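Close look at the chain arrangement
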Amino acid sequence: MTKPDEYQRITIGYKEDTKRLGTGAATEQWCKTLFDAWMYSLDSETDRTSDETKRRLTALMRGNLNVRDALVASIIDPTLDVDAMLAIAVRPDDKSAKNYLSTLLSTTLDDATNGKAPWCDGRFDAAIDMLSAMAETASKRFAAQPLAVIAYVSWLAGARNAAILALQALIYDEDCTLASIVFWGVQRNLIPVRQKTEA
């Protein structure tokens, strides 16, 4: 089975489960072990995820943007745990989850515009390594979301290559809203470019 076929297999399996169990229950069932592995890697500050875990996270990010948002939140909030990630991915319309994510993104953006990114540490590096591996091994349509996440958190961190990463994601998927936000923000110099060591 080729890699593109594997991503499609995962996508089909997830969609079938959402029809059988409902989106929330299926997403929780699929994401619990994936988020456990992801968070273990962040806490270890090194990529400890298997190739299959990366493939599943990549496919689910494309199939359910709430999964992507949970990954973003875990990178920029070092206090987030797996249960909170699941709340974002599984119950995105829940008032507390919605308010948490909105406040986190707003506060992080405010900090970033003032040149602050205290979450840029070994966890950040581990996340970039995992997401980069996901984007490198996936077909273009599946690689867009991992690239967009890298672009977004890199933009918040003041990285110089954020626009290039966002543009690459948009080339792969012109409807990738997160990448569009990054590209728009870079063009308007919303966040100062700086070296990561300044974060």
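What counts and what doesn't
Residues numbered from 1 in each chain as written. Predicted model: local features only at pLDDT ≥ 70, side-chain atom pairs only at ≥ 80, totals over all residues. Heavy atoms only, no water. Helix = DSSP H or I, 4+ residues; strand = E, 2+ residues; numbered from the N terminus. Buried < 20%, exposed > 50% of the residue type's maximum accessible area, 1.4 Å probe, protein only. Contact = heavy atoms within 4.5 Å. Core = buried A, V, L, I, M, F, W, Y, C linked by side-chain atoms within 4.5 Å. Salt bridge = Lys/Arg side-chain N within 4 Å of Asp/Glu carboxyl O.

A few words now on the side chain of Thr11. Structurally, Thr11 is set in helix H1 (residues 3-21). Take Thr11: its relative accessible area is 9%, and that puts it in the buried class. Beyond its immediate chain neighbours, meaning those up to four positions away, Thr11 contacts Ala59 and Phe142.

The subject of this paragraph is the nonpolar core. Grouped together as the largest cluster of nonpolar side chains are 65 residues, with contacts concentrated most on Phe35, Trp38, Ile75 and Trp119. It is helix H8 (residues 140-156) that provides the largest number of residues to this core, a total of 11 residues. Excluding anything up to four places from it in sequence, Trp38 contacts Thr49, Leu57, Leu71, Ser74, Ile75, Met85, Ala127, Met130, Leu131 and Met134.

The next point concerns the pattern of salt bridges. In the structure shown here, the tally under the stated rule is nine salt bridges. When the shortest N-O distance is used, the salt bridge between Asp43 and Arg123 registers 3.8 Å. Here Arg123 lies in helix H7 (residues 122-137) and Asp43 lies in helix H2 (residues 23-44), a separation of 80 residues in the sequence. For Asp43, a relative accessible area of 54% gives the class exposed. A relative accessible area of 8% means that Arg123 is categorised as buried. Several salt bridges share partner residues, and in doing so they unite Glu6, Arg9, Glu52, Arg55 and Arg56 into one network.

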